[in-house]
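Examination of the molecular architecture
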Amino acid sequence: MRVNMDFRRLRSWTKKLGRRGENAAVALLKTEGFSILSRNCRIGNAGELDIVARDGTTIVFVEVKTRYQKNPDYTPAPVDNLKLHQIKRIRRGATAYMRALEDPPFQIRFDLIEVLAGRFFIHSLNHRKAFIPSRDLRRNKREFPCPPKFF
């Protein structure tokens, strides 16, 4: 039995949902006093960072997880979609970002923003600060192409 499904349309819909979630997360961060340094930042093959923000003297790497809320009574938490390989990708991207900035004297934090989105509006936002424990990322200095120009 063969199921015909337009995967391009499904992929386009999930990208739009993710973009809506990221836009809501950026608006939340701005209301909390963060300054946004970068969105969807890629440095080499290290991975992609959803949002890089600055909170005082702390550089915050924010992962945004958006989930469509079809049933208002029960929707699994967006954090359930965060896998170990994604956490490693975020760490690789953060390491590359800090190396590209030549290791500035800032503290580092990894946050998670969970977004529950409906068909027409955002139902809820949950900002979890220091969700991923940060280790020392300043090891194995190497050169990376295209350093970001945010400072």
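Check the entry above for the structure.
So, how was this worked out
- Residues numbered from 1 in each chain as written.
- Predicted model: local features only at pLDDT ≥ 70, side-chain atom pairs only at ≥ 80, totals over all residues.
- Heavy atoms only, no water.
- 1 Å grid on protein atoms, 1.4 Å probe; cavity = no way out; pocket = protein on both sides within 12 Å on 5 of 7 lines; lining within 4 Å.
- Points joined across faces, edges and corners; volume = space filled by probe spheres on them.
- Helix = DSSP H or I, 4+ residues; strand = E, 2+ residues; numbered from the N terminus.
- Nonpolar A, V, L, I, M, F, W, Y, C, P; charged D, E, K, R; others polar.
- Phe/Tyr/Trp six-rings, centres within 6.5 Å; stacked < 30°, edge-to-face > 60°.
- Buried < 20%, exposed > 50% of the residue type's maximum accessible area, 1.4 Å probe, protein only.
- Lys NZ or Arg CZ within 6 Å of the ring centre and 35° of its normal.
- Salt bridge = Lys/Arg side-chain N within 4 Å of Asp/Glu carboxyl O.
- Pairing = 2+ DSSP bridges.
- Polar contact = N/O pair within 3.5 Å; in protein donor to acceptor, adjacent residues only side chain to side chain.
- Contact = heavy atoms within 4.5 Å.

**Here we look at the layout of surface pockets**
Space inside the largest pocket adds up to approximately 470 Å³. Taken together, 15 residues line the largest pocket, and the ones lying closest to its centre are Thr14, Gly18, Glu22, Asp50 and Val64. Only helix H1 (7-31), strand S1 (35-42), strand S2 (48-55) and strand S3 (58-68) provide two or more residues apiece to the lining of the largest pocket. Broken down by element, the lining of the largest pocket gets its largest block of residues, six residues, from H1. Class assignment of the residues belonging to the lining of the largest pocket gives a composition of two nonpolar, four polar and nine charged.

**Details of the packing of aromatic side chains**
Within this structure, the stated rule accounts for two aromatic pairs. Seen from their ring centres, Phe61 and Tyr97 are 5.7 Å apart, and the 85 degrees between their planes marks the pair as edge-to-face. One end of the pair, Phe61, is in strand S3; the other, Tyr97, is in helix H2 (residues 84-100), with 36 residues separating them in the sequence. A relative accessible area of 1% places Phe61 in the buried class. On the accessibility criterion, Tyr97 (0% relative accessible area) is buried. Clustering of aromatic rings is evident, with ring pairs tying together Phe61, Tyr97 and Phe110. Above the plane of the ring of Phe110 lies Arg91, whose end atom (NZ or CZ) is 5.5 Å from the centre.

**Details of the pattern of salt bridges**
The full count for this structure, using the stated rule, is seven salt bridges. In this structure, Asp55 and Arg109 form a salt bridge, with 3.5 Å as the shortest nitrogen-oxygen distance. Placement of Asp55 in strand S2 and of Arg109 in strand S4 (residues 107-117) is noted, with a sequence separation of 54 residues between them. Classification of Arg109 by relative accessible area gives buried; the value is 17%.

**Notes on the pairing of S2**
Direction of pairing for S1 relative to S2: antiparallel, over a ladder of six bridges. Bridging from a neighbouring strand, Ser38 pairs with Val52 of S2. Here S2 runs beside S3; their pairing, made up of five bridges, is antiparallel. Looking across to S3, one finds that Val52 is bridged to Phe61.

**Observations regarding the side chain of Arg109**
Engagement of the side chain of Arg109 in a polar contact is seen with the side chain of Asp111, the distance being 2.9 Å. Residues within four places of Arg109 in sequence aside, it is in contact with Phe34, Asp55, Thr58, Ile59, Val60, Phe61, Lys129 and Ala130.

**Overview of the environment of Val64**
Positionally, Val64 belongs in strand S3. Assessed through its relative accessible area of 8%, Val64 is described here as buried. Measuring from C-alpha to C-alpha, the distance between Val64 and Leu49 comes to 9.4 Å, with 15 residues separating the pair along the chain. Those residues in contact with Val64 that sit more than four places away from it in its chain are Gly21, Glu22, Ala25, Asp50, Ile51, Ile113 and Val115.

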